[in-house]
Amino acid sequence: MSILVNRNTRVICQGFTGKQGTFHSEAALAYGTKLLGGVTPGRGGQQHLGLPVFDTVKDAVRATDATASMIYVPAAGAADSILEAADAGIELVVCITEGVPVNDMVRVKAVLGGSATRLVGPNCPGVITPEECKIGIMPGFIHKKGAVGIVSRSGTLTYEAVFQTTNVGLGQSTCVGIGGDPVRGMNFIDVLELFERDPRTEGIILVGEIGGSDEEAAAGYIRKFVRKPVVAYVAGLTAPPGKRMGHAGAIVAGGKGTAVDKYAAFEAAGVRTVKSPAELGSTMSELLRRRGRRSSRAAVPVVRAPARTAPVRAARGRTVRPPGERRKRRPGEGGRRRPVKQ
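Residues numbered from 1 in each chain as written. Predicted model: local features only at pLDDT ≥ 70, side-chain atom pairs only at ≥ 80, totals over all residues. Heavy atoms only, no water.

### Thoughts on the environment of Thr156
Next, step 1: Here Thr156 lies in helix H5 (residues 155–167).
Next, step 2: Taking relative accessible area as the criterion, Thr156 reaches 60% and is therefore assigned exposed.
Next, step 3: C-alpha separation for the pair Thr156 and Gly177, spaced 21 residues apart in sequence, amounts to 9.6 Å. (Helix = DSSP H or I, 4+ residues; strand = E, 2+ residues; numbered from the N terminus. Buried < 20%, exposed > 50% of the residue type's maximum accessible area, 1.4 Å probe, protein only.)

The following block contains the structure:
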């Protein structure tokens, strides 16, 4: 099993015929993703990459039964694309677009609050279940089917965690880049809940950043509900206050959202933390080995030693009978009476 996507996920692309949509749709098809077509308003009825183009998401869903959409629409139209996909009944929307206005995302979050649609992003690398389905911009060749679930705010550090878990032989169950914008779709807790329920995921790597309080909330959730081993890294330990570090949400403001506070929250929750992303793979491998040893010891049945009894020694020429068994008389053999003493 996996979370969010698998080999049966039916995918469409919004912004299909654009430069980015074309490039990453070709990569998804080459990886084996079940991409069934795409949406570009005004180009419905045409073919692109050998697949049909539709004017609207509803038309695409009606024709392909798609359940997931990846969005490569420019920032000004990304929010409307998300809402169009949700209105068409798409179950999973992955918005790769960077620079979506915060006010637009506030409107999207309000609408999706009463919807069954899950949103990953915007400004994210996407979602991949190795060797099954790739929705996003991540390099597919570094991924390997395995047992570690990865969730991250940082795209580049997601790839770092993937590369390490591949090299140590663990592989990944599913990797989810939730994005670094301050207002976005799925958060750490949403993904942690899915990983905890997924039987194929044996351990979880969480990569956070400075800014906001998502990591502290995730630590509280892990302490209460997660029983699988978790390794966490927080980027931005040396970031100066008030300076935005890459992502719009990666900023320490008002004395809140520092890496020190986030590390303290994780450690208080019993999460294994690392100060360098280079230690993510080896640390997870160590935790899983320990867990495996404990499980194997618990699974070995206790064999009780048999009760020891004293050996029965037989006299020469005499038959040894079990205690309490009387000797049977032979035919014609009568009983003997002892003489009575006078």
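### Brief notes about the pairing of strand S6 (residues 92–95)
Next, step 1: By the alternation rule, side chains of S6 split into Leu92 and Val94 and Val93 and Cys95, which are all buried.
Next, step 2: Relative to S6, strand S5 (residues 68–71) runs parallel, the two being bridged by 4 bridges. Of the residues in S6, the one forming a bridge with Met70 is Val94.
Next, step 3: The parallel pair S5 and S6, bridged by helix H3 (residues 75–87), forms a crossover whose chirality is right-handed. (Pairing = 2+ DSSP bridges. Right-handed = clockwise from strand over helix to strand, strands pointing away.)

### Quick word on the pattern of salt bridges
Next, step 1: Within this structure, the stated rule accounts for 16 salt bridges.
Next, step 2: The partner of Lys275 in a salt bridge is Glu267, and the shortest N-O contact between them spans 3.6 Å.
Next, step 3: Residue Lys275 is classed as partly exposed on the basis of its relative accessible area, which comes to 47%.
Next, step 4: Judged by its relative accessible area of 41%, Glu267 falls in the partly exposed class.
Next, step 5: Members of the salt-bridge network, linked through shared partners, are Arg153, Glu209, Glu215, Glu216 and Lys262. (Salt bridge = Lys/Arg side-chain N within 4 Å of Asp/Glu carboxyl O.)

### Thoughts on the sheet that holds strand S2 (residues 35–39)
Next, step 1: An order of S3-S4-S2-S1-S5-S6-S7 is seen for the 7 strands of this open sheet, with the pairing classed as mixed. Looking at strand neighbours, the two that pair on one side only are strand S3 (47–48) and strand S7 (118–120), the edges of this open sheet.
Next, step 2: Bridge count for S2 against strand S4 (residues 51–54) is 2 bridges, and the pairing is parallel. Bridge pairing links Val39 to Phe54 in S4.
Next, step 3: H3 contacts strand S1 (11–14), S5, S6 and S7 of the sheet and is inclined by roughly 170° relative to S6. (Contact = heavy atoms within 4.5 Å. Axes fitted to C-alpha atoms, helices over the stretch in contact; angles between N-to-C directions.)

### Topic: the nonpolar core
Next, step 1: Ranked by internal contacts, the top residues of the largest apolar core, which has 67 residues, are Ile205 and Phe266.
Next, step 2: Broken down by element, the residue count for this core peaks at 6 residues, all from strand S13 (residues 230–235).
Next, step 3: Setting aside residues up to four positions removed in sequence, Phe266 forms contacts with Leu206, Glu215, Ala218, Ala219, Ile222, Ala232, Val234, Val271 and Thr273.
Next, step 4: By size, the runner-up hydrophobic cluster in this structure holds 25 residues, among which are Ala78, Ile82, Val93 and Val108. (Core = buried A, V, L, I, M, F, W, Y, C linked by side-chain atoms within 4.5 Å.)

### Considerations on the side chain of Ser173
Next, step 1: Relative to the helices and strands, Ser173 is located in strand S11 (residues 172–177).
Next, step 2: One polar contact links Ser173 to Thr201, side chain to side chain, over a distance of 2.8 Å.
Next, step 3: Dropping the residues within four chain positions of it, Ser173 is found in contact with Ser2, Thr129, Pro130, Gly146, Ala147, Val148, Gly149, Phe195, Asp198, Arg200 and Thr201. (Polar contact = N/O pair within 3.5 Å; in protein donor to acceptor, adjacent residues only side chain to side chain.)

### Re the packing of aromatic side chains
Next, step 1: If you walk through the whole model with that rule in mind, you get 1 aromatic pair.
Next, step 2: Seen from their ring centres, Tyr221 and Phe225 are 5.0 Å apart, and the 45° between their planes marks the pair as tilted. Note that Tyr221 and Phe225 are positioned in helix H7 (residues 214–225) at a spacing of 4 residues, about one turn of the helix.
Next, step 3: Judged by its relative accessible area of 47%, Phe225 falls in the partly exposed class.
Next, step 4: Over the ring of Tyr263 we find Lys275, and its NZ or CZ is 4.3 Å from the ring centre. (Phe/Tyr/Trp six-rings, centres within 6.5 Å; stacked < 30°, edge-to-face > 60°. Lys NZ or Arg CZ within 6 Å of the ring centre and 35° of its normal.)

### Brief notes about the sheet that holds strand S14 (residues 272–273)
Next, step 1: An order of S9-S8-S11-S10-S12-S13-S14 is seen for the 7 strands of this open sheet, with the pairing classed as mixed. Edge positions in the sheet fall to strand S9 (133–136) and S14, since each of these pairs with one other strand and no more.
Next, step 2: Pairing between strand S8 (residues 126–129) and S9: 4 bridges, direction antiparallel. Its bridge partner lying in S9, Gly126 is registered against Gly136.

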